[in-house]
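So the chains spell out like this:
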Amino acid sequence: MKPSDSFSTPMRTVRAVGELRRALSAARREGRTIGLVPTMGALHEGHLSLIARARAQCDLVVVSLFVNPSQFNERSDLDAYPRQEEQDRRLAGEAGADLLFAPSVEEVYPVGFATSVEVLGLTDRLEGAVRGSSHFRGVTTVVTKLLNMTMPDVAYFGQKDAQQVIVIKRLVEDLNLPVTVEVCPTVREPDGLAMSSRNARLDPGERARALALFSALEAADRVAADGERSGETILGHAREAMRPFDVEPEYVALVDPYTLEPLERLDRRALLAIAARIGGTRLIDNTILEPSPQTIAISRGEARPTSVAA
Ligand code: AMP
């Protein structure tokens, strides 16, 4: 679908919630569909793929740009987070966004702000275990606010942040939020490194070592495809693949893709999630593993599930 007439280029930037609502109200009344792509800016091809998907599926595309302080557990990470609004505005517009919502911290968290949204259990694991409970509380609170501010029909998130997607789907279901969550595949550099705004902080040596994460995922994929079912063995291969890069994972885990409970065996679809620090930069990545078709056929006489969509 094409950008709607009232939102033709140059793309408009709004900073206040009232302004955002006014900008969307006519479209909503006329029954036009609204897509929201929440981002923290420093846009790269990963973000742009979400915007392109929204453009293809919705009449109006809103991109939010907000570096959310409450989800950072380290002040230094927040301070070092890249900020480049002018470039982001241009890239978002070129990718098909109609409206950039770039609120200030005070607009999102006015004086007296006292409410938070918390998803229990799922947020204690993986990223939550390392970054503490405040990280996901920050994410779920700001995502709820952005959904309430924009009231989109569809909100777009990346599989790159697999746990975030699982937590947000839970939140949307538990709070009966009237929005469809659309998950888009991870976009990678040609050598496999998952695109991330934090990659810009890697020096050339760190950039080379950052490939440890993708190599671990590839190694796990390979042994799983060869029929390996033991979680320990699969994770061992993943860890082993990181060694030549002199990178120790913070965690590498095989978990249920809905509950995030650890899996001892790859008897069904599983999420392999990984995090590692490369110098001062923390990177995450993941892949979906399925038991290989031969081993399913041999051990159970069943067909392999065809969908690997998150
Ligand atoms: P961020 O700006 O890092 O908060 O990311 C905004 C959205 O873009 C989130 O839904 C991310 O999962 C998604 N995203 C970030 N990196 C990628 C990537 N390499 N491929 C696909 N989506 C991504």
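Below or above, wherever it landed, is the structure these notes cover. Remember, it's a predicted structure, so these values are computed and weren't measured experimentally. (Residues numbered from 1 in each chain as written. Predicted model: local features only at pLDDT ≥ 70, side-chain atom pairs only at ≥ 80, totals over all residues. Heavy atoms only, no water.)

Attention now goes to the site of the ligand. Around the ligand lies a shell of 17 residues, among which M40, H47, D161, V187 and M195 are the nearest. Backbone polar atom of G158 to an oxygen atom of the ligand: 2.9 Å apart, as the coordinates give it. Between the ligand and the protein, one listed contact pairs an oxygen atom with a side-chain N or O atom of D161 at 2.6 Å. Against a free-state accessible area of 480 Å², the protein chains account for coverage of 93% of the ligand. Among the elements that line the shell around the ligand, the one with the most residues is helix α2 (residues 45–57), at three residues. Along the lines of polarity and charge, the residues of the shell around the ligand split into eight nonpolar, seven polar and two charged. (Near = heavy atom within 4 Å. Polar contact = N/O pair within 3.5 Å; in protein donor to acceptor, adjacent residues only side chain to side chain. Areas by Shrake-Rupley, 256 points an atom, 1.4 Å probe, with all protein chains shown as cover. Helix = DSSP H or I, 4+ residues; strand = E, 2+ residues; numbered from the N terminus. Nonpolar A, V, L, I, M, F, W, Y, C, P; charged D, E, K, R; others polar.)

A separate point is unusual backbone geometry. Peptide bonds are mostly trans, and most non-glycine residues show a negative phi. Residues other than glycine seldom take positive phi values, yet L126 does so here, at roughly 40°. With respect to the helices and strands, the residue L126 is situated in helix α6 (residues 126–131). Its identity is not glycine, yet D246 carries a phi of approximately 60°, on the positive side. Looking at where D246 falls in the secondary structure, it is placed in the loop between α11 (231–242) and β7 (249–255). A relative accessible area of 61% means that D246 is categorised as exposed. (Buried < 20%, exposed > 50% of the residue type's maximum accessible area, 1.4 Å probe, protein only.)

This brings us to the packing of aromatic side chains. Counting across every chain of the model gives three aromatic pairs. Taking the centre distance of 5.5 Å and the plane angle of 80° together, the rings of F72 and Y81 count as edge-to-face. Per residue, the accessibility class of F72 equals that of Y81, and both read buried. Geometrically, the ring pair formed by Y109 and F113 is edge-to-face, given 5.0 Å between the ring centres and 75° between the ring planes. With relative accessibility at 18%, the residue Y109 sits in the buried group. Residue classification places F113 among the partly exposed residues on the basis of a relative accessible area of 35%. These aromatic residues form a ring-pair network of at least three members: F66, Y109 and F113. (Phe/Tyr/Trp six-rings, centres within 6.5 Å; stacked < 30°, edge-to-face > 60°.)

What follows deals with the pairing of strand β6 (residues 180–184). Across the five residues that make up β6, a large majority, four, are buried. Here strand β5 (residues 154–158) runs beside β6; their pairing, made up of five bridges, is parallel. Within β6, the residue paired with F157 across the bridge is V183. Between the parallel elements β5 and β6, the chain passes through helix α8 (residues 162–174) in a crossover that is right-handed. (Pairing = 2+ DSSP bridges. Right-handed = clockwise from strand over helix to strand, strands pointing away.)

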